[in-house]
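These are the residues of each chain, in order.
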Amino acid sequence: MTTTGWPDPLSTARLHVVSGKGGTGKTTVAAALALALATGGKRTLLVEVEGRQGIAQVFDTPPLPYEERRIAVAPGGGEVRALAVDAEAALLEYFEMFYRLGVAGRTLRRMGAVEFATTLAPGLRDVLLTGKAKECVSRTDRDGRPVYDAVVLDAPPTGRLVTFLDVTRAMADLAKAGPIHGQAEGVVELLHSPRTAVHLVTLLQDLPVTETLETVTELQEAGLGVGTMIVNRMREQWLPDRSVTAAAHGRVDASRVRTGLAGAGIDLAPDEIDGLVAETVEHAVRVAGEAAALQRLANEPDPPLPRVTLPQLLGGVDLGSLYELAETLTAQGVRLEARA
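Residues numbered from 1 in each chain as written. Predicted model: local features only at pLDDT ≥ 70, side-chain atom pairs only at ≥ 80, totals over all residues. Heavy atoms only, no water.

Engineer: Now, about the sheet that holds strand β5 (residues 150–154): what can you tell me, with residues and values included?
Structural biologist: The strand order β3-β4-β2-β5-β1-β6-β7-β8 describes an open sheet built from 8 strands, whose pairing is mixed. Each edge of the open sheet is held by one strand with a lone partner, namely β3 (69–74) and β8 (307–311). This sheet shows a mean twist of 25° between the axes of neighbouring strands, independent of strand direction. Note: strand β2 (residues 43–48) against β5, 5 bridges, orientation parallel. From the neighbouring strand, T44 faces β5, where its bridge partner is A150. (Pairing = 2+ DSSP bridges. Helix = DSSP H or I, 4+ residues; strand = E, 2+ residues; numbered from the N terminus. Axes fitted to C-alpha atoms, helices over the stretch in contact; angles between N-to-C directions.)

Engineer: Go over the side chain of T212, please, and point to the residues and values.
Structural biologist: Along the chain, T212 turns up in helix α9 (residues 206–221). Residue T212 is classed as buried on the basis of its relative accessible area, which comes to 1%. Setting aside its immediate chain neighbours within four residues, T212 contacts L200, V201, T202 and M229. (Buried < 20%, exposed > 50% of the residue type's maximum accessible area, 1.4 Å probe, protein only. Contact = heavy atoms within 4.5 Å.)

Engineer: So what's going on with the nonpolar core? Residues and values would help.
Structural biologist: L165 and L219 are the most contacted members of the largest nonpolar core, which has 41 residues in total. Per-element tally for this core: the top contributor is helix α6 (residues 122–138), with 5 residues. Contacts of L219, omitting those with residues within four sequence positions, involve L161, V162, L165, V198, L200, L224 and V226. Core analysis: the second largest hydrophobic core is formed by 40 residues, A31, L37, V152 and L325 among them. (Core = buried A, V, L, I, M, F, W, Y, C linked by side-chain atoms within 4.5 Å.)

Engineer: Break down the environment of G78 for me, citing the residues and quoting the values.
Structural biologist: Examined against the element boundaries, G78 turns out to sit in strand β4 (residues 78–84). Each C-alpha atom of the pair G78 and A36 lies 9.4 Å from the other, and the pair is 42 residues apart in sequence. Residues in contact with G78, not counting those within four places in the same chain, are A38, G41, K42 and V73.

Engineer: Give me the environment of A293: which residues, what numbers.
Structural biologist: Looking at the secondary structure, you find A293 in helix α12 (residues 270–299). We classify A293 as buried; its relative accessible area is 1%. Beyond its immediate stretch of four places on either side in the chain, A293 contacts L204, Q205 and V209.

The structure is reproduced here in structure tokens:
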């Protein structure tokens, strides 16, 4: 049986990877998760790697440069910083870090060599992106304490998630020695350790649920740890359970609806009653479908994964609603243990 809420072991994870089928709201969920994890005086870093500037859009800020910037203050004195990772900038940083090629690296960029390198070895781009996330997780201050309590990675959609996360293993096999080998091995170790948790965002619809469950299997086969399923945009049920099945099959008594409204002092025209009945049937069909999808998530995989839920937001996403979502996550146990 699926457990609801945030399991205790996740409070010690330091890299939280968030993915989902396109359209499920994974960037919004990643932002809310970063806020929730920062609650109570923690510091989190929210990282994006797809070049869409999705974080800037969610927080309604100008496009993010390739540098870490404070983007929000969390309840209890915490803070969220954000970073939009650019593959070319990460490669130049890599050249400078391991080969001291700062000026030469900039020259290579003007020559188009960076694009050439990532085209020649497509996996290199993902190594650079995951490698930057690993560096942020591992970075310490002068006292040897982690700079960030947690890093939240807004990852590519589920369709290419496992390839993105596990490409470092192939690169480690490709480069047998040197900085590339060490970098790749370090990323492999982090991603396949309990310090990393992969959270999958889904809607209660057939296609997202199916793709989510398929991704769970792929992640498990790759040895990557799955954290929680995050059901996004849960909508309120207006009808009592006993009425859903009948209404979903079109069995709504218009005369009873009219009588009930009249008893409440509401007098509607026949066409308005018909419209209300049609909306009731549509709502019941949706509720029945979502209940079936939720049942799938309760039974699959075996054993089922922990699950947290987020409500449907009315009027779209803004900064205020992000805090509401973060509060909802916190109420379901989302938290971090203090840094050592």
